[in-house]
Every structure is written in C-alpha cells, then in structure tokens.
Amino acid sequence: MKEVATTAPDHHQGRGGARTPTGRHVMTTTLRTTTTATTLDHVTVWRHLAMPGRRSIDIRERTSADGTVTYRFTGSRAAGALTITPTYADDLEAIPTRIRLRLGIHGPATDYRSETREELPTINTVTLHGEIPALDPGEYLTRTRPGLHFERIGRREVSDRTNDYFCQILTAIIGSYVARPQTEYERRTTAIRHAAARLHNLNHRHIQPARNALNQMRAQLAALDDAATHLRHLADEAA
C-alpha cells in the first residue's frame, strides 16, 4: 500500500463538521460506544460508527497491554480487521505522534507483505492487504481527497470505488482511535517502554557520529588556523 496525495476526512463527535485547532474544517463521524469487556491483558469495546452518505459500520476495538489496538469491523459489503500501534515520526521524536496501521490481525513481528494473515479486510468481495508504516492521524483527518491506495491479494488493481469505500471506513476508525481518552496515555507508556532502547540507538546512530564529525571539523579548523598564522607571519616579514 502506498500513500498518494490526500484523503477524504471523516472525524468523530457526530455528523456535520468541525474545525481543527488551526481552523481547518473537517467532516465528522458519529461514534457511539455500546459495551466494554475487560480482562487482565486487554480491553474490548464495541462501537457503532456512522459514516456520511453510507450505512454505518460496527467495530470491535480490542486494546492490548502493549498499546496495540485491533479493530474488527463489519458493514455493508465490508468486513475484516486492522491493527494500529503508536510509532515515531523519526529517531528524534521522544513520544510517538504517528501510528503504524496494518491490515489484518498482527503480532509485533508479523510481516505486512505476507498474504496469510488473519481477517484481512474484504471490501466489495475484494480482499486487501498492506500497511502504512508511519501515518500522522491528525493530518490524515484534515485531508479533503482520498490519498491512500491499497493492494489486493493477487497483485491486481483495486478499483477506485472499492479503494474509496475502504478509505472512508479507515478514516472513521482512525477518528475513533484518536478520540479514545486512553490514546495519549498509550503513547506516553509506549515512549517509556521504548526509551532505553531508543536512547541507545540515538547515541549509536546519531550522537556519536555527530560528535566524531564535529571533532574532525575542529581538527581541520585548528590545522587551517595554524596554516593561516604561519602565512600571516611570512606576509609580515615580506612587508
């Protein structure tokens, strides 16, 4: 799956429209929570999402202890699942602001290119697969045109009608994910859990190479200063 241009926005909190903090207008999607079930390692919530111009979809949202959220959805000619986990814009970001979105049910090490994953989305009888490795959900929800293109099993093209329908479902689910009160907490706990490993990576991949380069530049500058001083003395003698 590759991201192209922009995508149609649906958000949460009812039909109609809303404005972002920057004043941009976005469409909204009704969100209603119906039931919650909790165990020691996950929380499951059933939600009903209304989408403008289409029949509503029902989703089952399961949140694992590690912050991974799995959505199973059913709707008119649409059924399947997708997995969302917090991720980082780059190595310099301390708390994740992006999401990794994978079609189907995934564990931490599942390869998104595999076509054997469970519960891949089937839209208009077409089975889709792929992932978006680092999507900015806030930016995504302000887009005005579809901007994601999904692949189908068998490497054949997905029709615009099917792709646009799934984009609308995806937008409704992302809007529901962003609206969850625990999302910010999960981002922070993800950052805490990853902090030691990411600090090691930052030192190894960025800070130490930058220090080495800076030391080399300082040595070069010192050599240039010495040469300039010598030449200055020679120029003074000639004068």
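Rules and cut-offs
Residues numbered from 1 in each chain as written. Predicted model: local features only at pLDDT ≥ 70, side-chain atom pairs only at ≥ 80, totals over all residues. Heavy atoms only, no water. Helix = DSSP H or I, 4+ residues; strand = E, 2+ residues; numbered from the N terminus. Buried < 20%, exposed > 50% of the residue type's maximum accessible area, 1.4 Å probe, protein only. Areas by Shrake-Rupley, 256 points an atom, 1.4 Å probe, with all protein chains shown as cover. Contact = heavy atoms within 4.5 Å. Expected span 1.5 Å × (residues − 1). Salt bridge = Lys/Arg side-chain N within 4 Å of Asp/Glu carboxyl O. Core = buried A, V, L, I, M, F, W, Y, C linked by side-chain atoms within 4.5 Å.

(A) Quick peek at the overall build of the chain. When its secondary structure is counted, the chain shows 3 helices and 14 strands. The buried share of the chain, taken over its 239 residues, is 38%. When the accessible surface of the chain is summed, it comes to about 13,500 Å², and 54% of that surface belongs to carbon and sulfur atoms.

(B) Structural view of the side chain of R198. Among the secondary structure elements, R198 is positioned in helix α3 (residues 183-238). The contact partners of R198, leaving out residues within four places of it in the chain, are Y88, D90, D91, E93 and A94.

(C) Structural context of unusual backbone geometry. The backbone of R77 shows a phi angle near 55°, a positive value even though the residue is not glycine. When you line up the elements, R77 lands in the loop between β7 (69-75) and β8 (78-87). Taking relative accessible area as the criterion, R77 reaches 49% and is therefore assigned partly exposed.

(D) Region of interest: helix α2 (residues 160-179). With 20 residues, α2 should cover 28 Å at 1.5 Å per step; its first-to-last C-alpha distance of 28 Å lies within 8% of that length. Among the 20 residues that make up α2, 15 are buried, leaving the element largely enclosed by the rest of the structure.

(E) Just the pattern of salt bridges, in detail. In this structure the tally under the stated criterion is 9 salt bridges. E61 is the salt-bridge partner of R180, the closest N and O atoms lying 3.3 Å from each other. Here E61 lies in strand β6 (residues 57-64) and R180 lies in the loop between α2 and α3, a separation of 119 residues in the sequence. The pair formed by R180 and E61 is uniform in burial state, with each residue classed as buried. Of the charged contacts, one joins R98 and D136 as a salt bridge, the two residues approaching to 3.7 Å between their closest N and O atoms. Highlighted residues: R98 in strand β9 (residues 98-103) and D136 in the loop between β12 (131-135) and α1 (137-140), separated in sequence by 38 residues. By relative accessible area, R98 is classed as partly exposed at 23%. By relative accessible area, which is 25% here, D136 ends up partly exposed. Linked by salt bridges that have partners in common, R47, E61, R180 and E186 make up one network.

(F) Seen up close, the nonpolar core. By size, the foremost hydrophobic cluster in this structure holds 33 residues, and its most contacted members are L82, F166, I169, L170 and I173. When contributions to this core are tallied by element, the ones reaching two or more residues are β6, β7, β8, β9, β11 (126-129), β12 and α2. The dominant element in this core, judged by the number of residues it contributes, is α2, at 9 residues. In this structure I173 touches L49, I57, I59, Y71, F73 and L82, once residues within four positions along its chain are discounted.

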